[in-house]
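A look at the structure
Spelled out, the chains give:
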Amino acid sequence: MKVLGIESSCDETGIAIYDTDKGLIADQLYSQVALHAEYGGVVPELASRDHIQKTTPLIKAALKESGLSFKDIDGIAYTRGPGLIGALMVGASIGRSLAWGLGIPAVGVHHMEGHLLAPMLDENQTIDFPFVALLVSGGHTMLVEVKAIGDYRIMGESLDDAVGEAFDKTAKMLGLGYPGGPVLAALAEKGEPGAYDFPRPMIRQGGLDFSYSGLKTFALTTWNSSTKTEQVKANISHAFQEAVVDTLFIKCKRALKDAEAKRLIIAGGVGANKRLREKLQELPADVFFPPMKYCTDNGAMIAYAGALRLQAGQTEPAEIQPKPRWSLEELNAI
Ligand code: ATP
Ligand code: MG
Ligand code: FE
């Protein structure tokens, strides 16, 4: 079965084709980062307009890349939510209408299920159920118990900022530009270990929830009362990253124990963080990451998740109904 996947939930237009026999056979991505950079964050209306311009050309490019034509496609998967309503509307409208026109089934994929299954795009790793998933992205910080595809229990989540959001906001305060997460992470490598000691929020009380807005404020007050040199910036970046990685490590360890699981998968943009990857290897579990390029938003993860659902017989009526707010726990197991 060959499935065309469309991702348009935020500021990346991703189009990919997943073949259940051959694996990924096309993968096209356009990032709007430059478009939003001057505003220091994603401007929803600009995002929707840009998705409209990029989706059709990228679908054509994906067909060309795979050597296929529309008549070879067996199903369409598009991101139904969560995300920006206007941006979701573009992918959902194009995806659903295309499936209608071609007379093939369509399925609306949960964006976070796409992230969660992305480690399985690596053909060199087989991941058996059950496992615990740490989803760390620009909009989410979650620990999820996964018993099967679609059988998800949220064990803990952020009570305020998502991890990626905290990285981006802290980077912005330090004048590192947008999006700052990867820049801050690179600068952290030049920081002196121990120059600052940041708090580890939500550690002493039990439970698996997270809080990151306090760390961002701590970074700001530290910066404002410092000598504001480039080295201080690197030191703050280092201390911030250590605090984030430490709290994620501690909660992952707890979650694995609570769920009596032996496998942990990490997904989402912050999963690209080198220090996090390194630290989580110390856990008493088998730890899996997606390939680097499938950590942040992409069409491949949507085509893959959609292919699994279509293969299991899941389809939906010819209605265009994006879900900007949508919990993973509402999904059905396949
Ligand atoms: P969501 O998936 O929750 O809707 P999103 O799609 O915007 O949010 P992703 O594309 O998964 O999020 O990830 C983007 C986030 O990952 C940004 O906040 C970015 O700063 C962060 N990020 C990317 N690389 C790194 C890195 N190396 N270190 C830390 N953060 C990173
Ligand atoms: Mg993005
Ligand atoms: Fe995402």
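Values in this document were obtained by computation on a predicted structure and should not be read as measured data.

1. Points about the confidence of the model for the protein chain
On average, the protein chain scores 97 in pLDDT, and the residues at 70 or more come to 100%. At the low end of the mean pLDDT range in the protein chain sits helix α1 (residues 33-37), at 96; at the high end sits strand β1 (residues 2-7), at 99. For this predicted complex, the interface confidence reaches an ipTM of 0.98, while the overall pTM sits at 0.97.

2. Some words on unusual backbone geometry
Following F129, the chain continues into P130 via a peptide bond in cis, with omega recorded as -5°. Looking at where P130 falls in the secondary structure, it is placed in the loop between α4 (111-117) and β6 (131-136). Residue Y178 is joined to P179 through a cis peptide bond whose omega torsion reads -10°. Examined against the element boundaries, P179 turns out to sit in the loop between α5 (163-173) and α6 (181-188). Unlike most non-glycine residues, M202 shows phi in positive territory, near 60°. Its place among the elements puts M202 in the loop between α6 and α7 (213-224). For M202, a count of 20 C-beta atoms within 10 Å corresponds to the buried category. Positive phi is not limited to glycine here, since E260 has a value of about 50°. With respect to the element layout, E260 can be found in the loop between α8 (230-258) and β9 (263-267).

3. Section: the domain arrangement of the protein chain
In terms of domain boundaries, the protein chain breaks down into domain 1 (2-117 + 294-330) and domain 2 (126-289). The C-alpha-based centres of domain 1 and domain 2 are spaced at 27 Å. Taken together, the contact between domain 1 and domain 2 spans 12 residues of the former and 17 residues of the latter. Mapped onto the side of domain 1 that touches domain 2, the elements with two or more residues apiece are α1 and α4. If one sorts the elements of the side of domain 1 that touches domain 2 by residue count, α4 sits on top with 3 residues. Within the side of domain 1 that touches domain 2, the residues separate by chemical class into 7 nonpolar, 4 polar and 1 charged.

Procedures and definitions
- Residues numbered from 1 in each chain as written.
- Chains lettered and ligands numbered in written order.
- Predicted model: local features only at pLDDT ≥ 70, side-chain atom pairs only at ≥ 80, totals over all residues.
- pLDDT = per-residue confidence, 0-100.
- Helix = DSSP H or I, 4+ residues; strand = E, 2+ residues; numbered from the N terminus.
- Buried ≥ 20, exposed ≤ 12 C-beta atoms within 10 Å, placed from the backbone.
- Domains from an automatic or database assignment.
- Contact = placed C-beta atoms within 7 Å.
- Nonpolar A, V, L, I, M, F, W, Y, C, P; charged D, E, K, R; others polar.

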